[in-house]
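Here is what each chain is made of, one letter per residue.
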Amino acid sequence: MIVSPSLLSADFGHLADDLDMINRSEADWLHLDVMDGVFVPNISFGFPVIKYVQELCEKPLDVHLMIVEPQKFVSQVRDCGAAIMNVHYEACTHLDRVVQQIHNAGMKAGVTINPATPVCLLRDIVEQVDLVLLMSVNPGFGGQRFIRNTLNKVRLLRELIDETGSQAVIEVDGGVNDTTGAELAEAGADVLVAGNYVFKADDPFEAISTLKRL
Ligand code: DX5
Ligand code: ZN
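Residues numbered from 1 in each chain as written. Chains lettered and ligands numbered in written order. Predicted model: local features only at pLDDT ≥ 70, side-chain atom pairs only at ≥ 80, totals over all residues. Heavy atoms only, no water.

### Here's the deal with unusual backbone geometry
Then, number 1: With a phi close to 50°, E69 is a non-glycine residue in the positive phi region.
Then, number 2: Within the fold, E69 resides in the loop between β3 (61–66) and α3 (74–79). (Helix = DSSP H or I, 4+ residues; strand = E, 2+ residues; numbered from the N terminus.)

### Describing the sheet that holds strand β6 (residues 131–135)
Consider a sheet: its strands pair through backbone hydrogen bonds, and that pairing is either parallel or antiparallel.
Then, number 1: Ordered in space as β1-β8-β7-β6-β5-β4-β3-β2, the 8 strands form an open sheet in which the pairing is parallel. Edge strands, defined here as strands with exactly one partner in the open sheet, are β1 (2–5) and β2 (30–35). The mean inter-strand angle of the sheet, taken between neighbouring strand axes irrespective of direction, is 25°.
Then, number 2: Judged from the 6 bridges that link them, β2 and β3 form a sheet pairing that is parallel. Counted as the bridge partner of L32 is V63 from β3.
Then, number 3: Of the strands in this sheet, β4 (82–88) and β5 (108–113) are in contact with helix α4 (residues 95–104), which crosses β5 at around 145°. (Pairing = 2+ DSSP bridges. Axes fitted to C-alpha atoms, helices over the stretch in contact; angles between N-to-C directions. Contact = heavy atoms within 4.5 Å.)

### Side note on the site of ligand 1
Then, number 1: S6, D33, G140, D173 and G195 are the nearest of the 20 residues found near ligand 1.
Then, number 2: The side chain of S6 places a nitrogen or oxygen atom 2.7 Å from an oxygen atom of ligand 1.
Then, number 3: N196 places a polar main-chain atom, nitrogen or oxygen, 2.9 Å from an oxygen atom of ligand 1.
Then, number 4: Here ligand 1 is seated within the largest pocket.
Then, number 5: Elements with a contribution of two residues or more to the shell around ligand 1: β2, β3 and β8 (191–194).
Then, number 6: The residue makeup of the shell around ligand 1, split by class, is 8 nonpolar, 10 polar and 2 charged. (Near = heavy atom within 4 Å. Polar contact = N/O pair within 3.5 Å; in protein donor to acceptor, adjacent residues only side chain to side chain. 1 Å grid on protein atoms, 1.4 Å probe; cavity = no way out; pocket = protein on both sides within 12 Å on 5 of 7 lines; lining within 4 Å. Sits in = over half its atoms within 2 Å of the grid points. Nonpolar A, V, L, I, M, F, W, Y, C, P; charged D, E, K, R; others polar.)

See below:
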């Protein structure tokens, strides 16, 4: 399993310590949630913070933009050192163009869907993207309960990927822990994002290792 701990649940007063933990852990990527207070009912952090994180973090940055008009920020996301730029299907009128812009900027492109957005809507974009991020909570906050219908969506997405010959990996975000993570692995997920489960754990190294072995 590819593991992408979500920095949203880190201790922002001691970010350098948490990033040191991530560097020394088995985490594959670091997930960064950017929120604008418009697309989602919350505001998190922006580019200056991501730039700082990039200087200290040795793992690829998996940036999840929960913002309207993400196409306006492709070069800024790239300049922050992101390896993957995830945009929401629901935020892009011209998704195909945004995916091309992300690729032209030298990043991997991810498309994200909210819990109420059906997987079948991805049919005509799934071959163009490197990753599909399925939200297993309504985006905006860490620490929410896993929405179980996501397991069906992972299975449907796996079928769609196999049918179309897409190379996209399946990432799931929200309410992931050892139990839901095991169910997601069984359903066919490739990447697990985990915020609270990792950063609020007594032993974050152990939490990351547990997900890694699923
Ligand atoms: C929610 C964010 C998530 C969040 C996950 O809108 O996209 O990445 O940090 O947090 P947990 O794992 O605590 O549900
Ligand atoms: Zn996220």
